[in-house]
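Reading the structure
Here is what each chain is made of, one letter per residue.
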Amino acid sequence: MSTPVQETLVLVKPDGVARNLSGEILRRIEQKGYSLVDIKLVQADRSLLAEHYAEHAGKPFFEPLVEFMESGPILAIRIAGERVIEGFRSLAGTTDPTTAAPGTIRGDLGRDWGSKVQQNLVHGSDSPESASRELALWFD
Ligand code: RTP
Ligand code: MG
């Protein structure tokens, strides 16, 4: 029985674009065997980011997070593959780049400069519901 092909939203956050790591991140996605479906560079505005991060509204890191995400262009990528939602989360590594496993994007390349926001290079949707909601937000 084959597993269903899914789609997920990946964002290369402003720190990743500014550090010229978009190519390295795309390389890891392609090397894993996922397909690129759509891609664009976006300067996100506050209303898009507030919707994107609605689950974090009211948390202490929400404001600094939105400010960070507004600080420069973001590369939005729609990718497809079998179990790609959990597969990309695994490629990305855990949220905090200091403790993310070596071999992952955040573990190998991510930095946390001690600000409240973890500048952890990438976002990946965390469930099928989040993926369809976020893909609609960024691509439709
Ligand atoms: P993402 O949504 O960006 O893929 O990351 P995630 O699931 O690993 O982490 P999440 O809990 O959804 O948090 C979203 C983003 O907010 C920043 N953050 N800062 N305690 C903090 O200062 C804190 N916690 C989270 C990170 O940029 C995280 O990726
Ligand atoms: Mg998240």
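The text that follows walks through the structure, step by step, so that each part is easy to find. In this text the structure is predicted, and so the values were computed from the model without any measurement.

**A word on the overall build of the chain**
- Secondary structure assignment for the chain yields seven helices and four strands.
- Scanning the chain from its N terminus toward the C terminus, one meets helices and strands in the order β-α-α-β-α-α-β-α-α-β-α.
- The C-alpha radius of gyration of the chain comes to 14 Å, within 12% of the 14 Å expected for a compact globule of 140 residues.
- Principal-axis analysis of the C-alpha atoms gives the chain an extent of 45 × 35 × 25 Å.
- Within the chain, contacts between residues at least 6 apart in sequence are counted, and of these 76% link residues at least 24 apart.

**Looking at the nonpolar core**
- In terms of nonpolar packing, the biggest core is built from 21 residues, with Ile25, Ile29, Ile77, Ile79, Phe88, Ile105 and Val122 touching the most fellow members.
- Among the secondary structure elements, those contributing two or more residues to this core are strand E1 (5-12), helix H2 (22-32), strand E3 (74-82), helix H5 (84-92) and helix H6 (105-109).
- Looking at which element gives the most residues to this core, the answer is H5, with five residues.
- If near-sequence neighbours (up to four positions away) are discounted, Phe88 is found in contact with Thr8, Val10, Ile29, Tyr34, Ile79, Ile105, Val122, His123 and Gly124.
- Counting residues in hydrophobic clusters, the runner-up holds 18 residues, among them Leu11, Leu48, Phe68 and Leu135.

**Comments concerning H2**
- Those residues of H2 lying buried are Ser22, Ile25, Leu26, Arg28 and Ile29. The buried residues of H2 all sit within an arc of 155° when viewed along its axis, so they share a single face.
- Gly33, located one to two residues past H2, shows a positive phi value of around 105°.

So, how was this worked out
Residues numbered from 1 in each chain as written. Chains lettered and ligands numbered in written order. Predicted model: local features only at pLDDT ≥ 70, side-chain atom pairs only at ≥ 80, totals over all residues. Heavy atoms only, no water. Helix = DSSP H or I, 4+ residues; strand = E, 2+ residues; numbered from the N terminus. Rg over C-alpha atoms; globule rule 2.2 N^0.38 Å. Contact = heavy atoms within 4.5 Å. Core = buried A, V, L, I, M, F, W, Y, C linked by side-chain atoms within 4.5 Å. Buried < 20%, exposed > 50% of the residue type's maximum accessible area, 1.4 Å probe, protein only. Arc of directions from axis to C-beta.

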